[in-house]
Amino acid sequence: MEKIQTQPNRAKNGAWLILLLSVIVAAATAWIPAGLLLAPAFWAYAGARGKPAWIALPALVYGALALMLYNTEAALGLFVSATAAAFALYYMQTRRISNAYTALTLAGLFLAGLYCAVCLPGILSGAGAFAGSQAAMDEMISFYRTAAAQISGISAEYLDFINTYLDAFSEAVPSFIVAALCAGAGVLGLGNLLFFRLFCRRRKEIAISPMREFRYWTMPRSMMLGLFALLIGSLVLEWTGWTFSDGMSSTVNVLVAMPLLLQGLCVIDFFLARARRSAATARVVSYVLIGLLFGLVQTPLILLGCLEQIVRIRERTQNMPPKPAL
């Protein structure tokens, strides 16, 4: 009888400890913004261990510290998006909603927060959405100009080439800033989803939607149709000569490329897992090479992901036995 009474107490004490840790994580994230990669996931986990309303406590701690450390627009944008992401993550996972749509929803929430943090101050001041980013980039470019001019023995032709390249980079800031925000939001969305599942992995009392192994991840066809529609729309706007077509095109390219690249990695992992011997070693070597040569292999990975979406390579080969080792 005593054991039956003490088990709920232990579970309750453990939940309160998780809540305390979530507050600590929230405070640390205010000082280290990279903590947003897992902080909302930890808040959602605290809500899953205790009550959903518990998510509000670490979120409010983060918001209060963010207001002290950042400008008002950035603090509110990050606070609202992180809080909404934590609640959405808890709600969608505990109701067994698709992992793909969960990651997409989180990415959209983080994108809104990042856009407010980066662009809203310039919009409100009338300087322009990208004025702050442009000023920061121009300051960095000015530093590189000065450093290049002070290099002894550099020819005038090569110095002109560097300046031309830096000028082009400065002019391209408005066109790639939103694309960079989309990439960052995608990483934050997927990261929080994976961390939340990692935290809940050994808690059988928390029922969440199942997830396939990495090599079997795939994009829903409805999601691909939406991305394809965005791609067609950006091409139409580019043909019409719209003023902001370059920025729109860069953003859509990132939105389409990221999930296809990830799916390409899944296909690579699928075939690596079929090896009878040294599968783990092959994985390590392959991913290290992909990381080192990412600039060269990203396009082939995107094409592989696109081919998988059209042909379903893994479904066609899944029932085939792996080749025997030689």
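Model, not experiment: these values are computed from the prediction.

For the chain, the helix and strand inventory stands at 13 helices and zero strands. Going from N to C terminus, the chain has its helices and strands arranged as α-α-α-α-α-α-α-α-α-α-α-α-α. Scored against the burial criterion, the 326 residues of the chain give a buried share of 37%. In the chain, the share of contacts with a sequence separation of at least 24, taken over all contacts with a separation of at least 6, comes to 73%. Of the accessible surface of the chain, which amounts to about 18800 Å², a share of 68% is contributed by carbon and sulfur atoms.

Attention now moves to the pattern of salt bridges. Following the criterion strictly, the structure yields four salt bridges and no others. The closest approach of N and O atoms between Asp167 and Arg145, which form a salt bridge, is 2.2 Å. Linking Asp167 in helix α7 (residues 156-171) with Arg145 in helix α6 (residues 131-149), this pair joins segments that are 22 residues apart in sequence. A salt bridge links Glu308 to Arg314; its shortest N-O distance comes to 3.2 Å.

Moving on, we get to the environment of Val187. Relative to the assigned elements, Val187 resides in helix α8 (residues 173-200). Sequence separation between Val187 and Ala103 is 84 residues, and the spatial gap between their C-alpha atoms is 9.3 Å.

The subject of this paragraph is the packing of aromatic side chains. Tallying each qualifying case throughout the model produces eleven aromatic pairs. Here Trp43 and Tyr62 contribute two aromatic rings whose centre-to-centre distance is 5.9 Å and whose plane-to-plane angle is 50°, an arrangement assigned as tilted. Here Trp43 is found in helix α2 (residues 39-49), whereas its partner Tyr62 is found in helix α3 (residues 56-69), with 19 residues between them in sequence. Classification of Tyr62 by relative accessible area gives buried; the value is 1%. Judged by centre distance (6.2 Å) and plane angle (25°), the rings of Tyr158 and Phe161 are stacked.

Ranked by internal contacts, the top residues of the largest apolar core, which has 40 residues, are Trp43, Tyr62, Leu89, Leu106 and Phe196. Contributing elements (two or more residues each) for this core: α1 (2-31), α2, α3, α4 (72-94), α5 (99-125) and α8. Sorting elements by how many residues they give to this core places α4 first, with nine residues. If near-sequence neighbours (up to four positions away) are discounted, Trp43 is found in contact with Ser22, Ala26, Ile55, Pro58, Ala59, Tyr62, Ala82, Thr83 and Ala86. If you look at the next biggest cluster of nonpolar residues, it comprises seven residues, including Met219, Leu227, Val252 and Val256.

This part is about the packing of α4 against α5. Interaxial distance between α4 and α5 falls to 8 Å at its minimum, and their mutual angle equals 170°. Classified by the angle between their axes, α4 and α5 sit roughly antiparallel to one another. Within the contact of α4 with α5, the residues separate by chemical class into 18 nonpolar, seven polar and one charged.

Further remarks concern the confidence of the model for the chain. Confidence along the chain averages 83 in pLDDT terms, with 88% of residues attaining 70 or more. Between residues 1-11, whose pLDDT stays under 50, and residues either more than four places distant or in other chains, the model counts one contact.

Turning to α4, a few remarks are in order. Three- or four-residue spacings in an α-helix give side chains the same orientation, since the helix completes a turn every 3.6 residues. With 23 residues, α4 should cover 33 Å at 1.5 Å per step; its first-to-last C-alpha distance of 33 Å lies within 8% of that length. Immediately downstream of α4, the backbone of Arg96 shows phi near 55°, a positive value.

Turning our attention to the state of the cysteines. Inspection of every chain in the model, using the stated rule, returns zero disulfides. Considering cysteine sulfurs only, Cys116 is the nearest to Cys119, which forms no disulfide, with 8.7 Å between them. The exposure class assigned to Cys119 is buried, which follows from its relative accessible area of 0%.

The rules we used
- Residues numbered from 1 in each chain as written.
- Predicted model: local features only at pLDDT ≥ 70, side-chain atom pairs only at ≥ 80, totals over all residues.
- Heavy atoms only, no water.
- Helix = DSSP H or I, 4+ residues; strand = E, 2+ residues; numbered from the N terminus.
- Buried < 20%, exposed > 50% of the residue type's maximum accessible area, 1.4 Å probe, protein only.
- Contact = heavy atoms within 4.5 Å.
- Areas by Shrake-Rupley, 256 points an atom, 1.4 Å probe, with all protein chains shown as cover.
- Salt bridge = Lys/Arg side-chain N within 4 Å of Asp/Glu carboxyl O.
- Phe/Tyr/Trp six-rings, centres within 6.5 Å; stacked < 30°, edge-to-face > 60°.
- Core = buried A, V, L, I, M, F, W, Y, C linked by side-chain atoms within 4.5 Å.
- Axes fitted to C-alpha atoms, helices over the stretch in contact; angles between N-to-C directions.
- Parallel < 35°, antiparallel > 145°, perpendicular 65-115°, else oblique.
- Nonpolar A, V, L, I, M, F, W, Y, C, P; charged D, E, K, R; others polar.
- pLDDT = per-residue confidence, 0-100.
- Expected span 1.5 Å × (residues − 1).
- Disulfide = S-S within 2.5 Å.

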